[in-house]
Amino acid sequence: MFALTFLGTSASVPSAERNHPALLVEAAGQRLLVDCGEGTQRQLLRSGAGFRRLDRILLTHAHLDHVLGIPGLFSTLGLRQTSDVMTVHGGEGTLDLVIRMLAGLWGAGRAPIPVEFAALSEGQVIDAGDFTTDCFPVRHRDTDSFGFVFKSPARRHLQSDRLAAFGVPDGPLRGELAAGRSIVIDGRPIDPEDVLGPPSGGRKLVVIGDTETTDGLSKHVADADMLVIEATFLDRDAPTARNYGHLTAAEAASFAAANNVGQLVLTHMSGRYEDEEILAEATSIFPNSRIAADFDHVVI
């Protein structure tokens, strides 16, 4: 299961309703941010999520609307005297900007909290056991940009009717079978295959920040339960979208439809359009589309 809290859903300029980009992802007791736009620390408080167990930031790219919230967040965490190490993941160019930004405030190699920097390259970023996070490159102007795939494995669960049929009592013996180990009851061997159901429950979440094209991204997005992606422009302004390195709502919806996505969540909203216009364009192509608003909480 993945729980998402949208902390900021605006495009480059914030509005009264939408803050700069940031997304909180929670899974298996862990919490991480995807991007950290200006004001993210206040959004964490307003959402009720708070700062507990927050020790990773995944950065999609180095544009300021996606990273300017980092110094403020670190300053607050320092005042709270947190001892957790914050790991910041990003492309090499993105990390260079963040490191220089922090150095300008606190001096080279210094920050209010312990910080580690981990440069991204395509492949696995996190293996938390109950879920993994991979990254992949996307194209957005002159940045080293990345998208992220969060996956929880499908699991096989014990079937109560089969357990009863084989006379397996509650307790440690069931734990052995769930772990994939055979047991013996009254001299009769019972294999896990006898009592385990088919795999179920795996989830796939894909988060893509700013991107000027979806070319080459299908292999990462295919069959996702949810795709979170930008839709900064409408199709009528496609040439402008190209100039600024962004997608239209129609392009995002077509991409979701072509890749068997379960649900499409559009973000990075521009104030030049009404939400209803954006949603209408997307749902005409991919009906299971929605627009993210600040403080939306979604579970998959």
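That block above? That's the structure.
Residues numbered from 1 in each chain as written. Predicted model: local features only at pLDDT ≥ 70, side-chain atom pairs only at ≥ 80, totals over all residues. Heavy atoms only, no water.

**Focus on the packing of aromatic side chains**
Remark: the centre distance and the inter-plane angle together describe each pair of aromatic rings, the angle taken between the planes.
Part 1: Taken as a whole and judged by the stated rule, the model has 3 aromatic pairs.
Part 2: An angle of 25° between the planes, with centres 6.4 Å apart, marks the rings of F233 and Y244 as stacked. Of this pair, F233 sits in the loop between β13 (226–230) and α8 (238–244) while Y244 sits in helix α8, and the two are 11 residues apart along the sequence.
Part 3: Judged by relative accessible area, which is 47%, Y244 ranks as partly exposed.
Part 4: Members of the aromatic cluster, each reached through a chain of ring pairs, are F2, F131 and F150. (Phe/Tyr/Trp six-rings, centres within 6.5 Å; stacked < 30°, edge-to-face > 60°. Helix = DSSP H or I, 4+ residues; strand = E, 2+ residues; numbered from the N terminus. Buried < 20%, exposed > 50% of the residue type's maximum accessible area, 1.4 Å probe, protein only.)

**Things to note about helix α10 (residues 275–283)**
Part 1: Buried within α10 we find I278, E281 and A282. Buried residues of α10, seen end-on, are gathered within an arc of 95° and therefore sit on one face of the element. (Arc of directions from axis to C-beta.)

**Side note on the pairing of strand β2 (residues 22–27)**
Part 1: Counting buried residues along β2, 5 of its 6 residues qualify, which places the element largely inside the surrounding structure.
Part 2: Sheet topology places strand β1 (residues 3–8) next to β2; 5 bridges connect them, and they run antiparallel. The residue bridging A3 from the neighbouring strand is E26, located in β2.
Part 3: Both β2 and strand β3 (residues 30–34) contribute to a ladder of 5 bridges, which runs antiparallel. Looking at the pairing, E26 lines up with R31 of β3.
Part 4: Hairpin connection, β2 to β3: the antiparallel pair is bridged by 2 residues, and A28 has positive phi, about 50°. (Pairing = 2+ DSSP bridges.)

**Quick notes on the pattern of salt bridges**
Two side chains carrying opposite charge are able to pair once their charged atoms lie near each other.
Part 1: Summed over the entire model, instances satisfying the criterion amount to 9 salt bridges.
Part 2: With its nearest N and O atoms 3.2 Å apart, the salt bridge here joins E277 to R236. Remark: R236 occurs in the loop between β13 and α8 and E277 occurs in helix α10; sequence separation between them is 41 residues.
Part 3: E277 gets classed as partly exposed once you look at its relative accessible area, which sits at 30%. (Salt bridge = Lys/Arg side-chain N within 4 Å of Asp/Glu carboxyl O.)

**Quick word on the side chain of E281**
Part 1: Mapping E281 onto the fold places it in helix α10.
Part 2: One buried charged residue, E281, forms no salt bridge at all, with the nearest opposite charge on R236 at 6.2 Å.
Part 3: Of the polar contacts made by the side chain of E281, one reaches the backbone nitrogen of D235; its length is 2.9 Å.
Part 4: Separated by 2.9 Å, the side chain of E281 and the backbone nitrogen of A250 make a polar contact.
Part 5: Other than its neighbours up to four places away in sequence, E281 contacts F233, L234, D235, T248, A249 and A250. (Lys, Arg positive; Asp, Glu negative; His and termini not counted. Polar contact = N/O pair within 3.5 Å; in protein donor to acceptor, adjacent residues only side chain to side chain. Contact = heavy atoms within 4.5 Å.)

**A word on the packing of helix α2 (residues 70–79) against helix α3 (residues 92–106)**
Part 1: Contact geometry of α2 with α3 gives a least axis separation of 10 Å together with a crossing angle of 55°. The angle between the axes of α2 and α3 places the two elements in the oblique class. The crossing of α2 and α3 is right-handed. In this structure, α2 contributes I70, P71, F74 and S75 to the contact, and α3 contributes V98, M101, L102, L105 and W106.
Part 2: Class assignment of the residues belonging to the contact of α2 with α3 gives a composition of 8 nonpolar, 1 polar and no charged. (Axes fitted to C-alpha atoms, helices over the stretch in contact; angles between N-to-C directions. Parallel < 35°, antiparallel > 145°, perpendicular 65-115°, else oblique. Left-handed = near helix turned anticlockwise from the far one by under 90°. Nonpolar A, V, L, I, M, F, W, Y, C, P; charged D, E, K, R; others polar.)

**Here we look at helix α1 (residues 40–47)**
Part 1: If you check which residues of α1 are buried, you get T40, Q43 and L44. Along the axis of α1, the buried positions cluster into a sector of 105°, meaning they face one direction only. Away from its buried face by more than 90 degrees, α1 exposes R42, L45 and R46.
Part 2: For α1, the elements touching its buried residues are β1, β2, β3, β4 (54–58) and α2.
Part 3: Looking one or two residues past α1, G48 carries a phi angle of roughly 90°, positive in sign.

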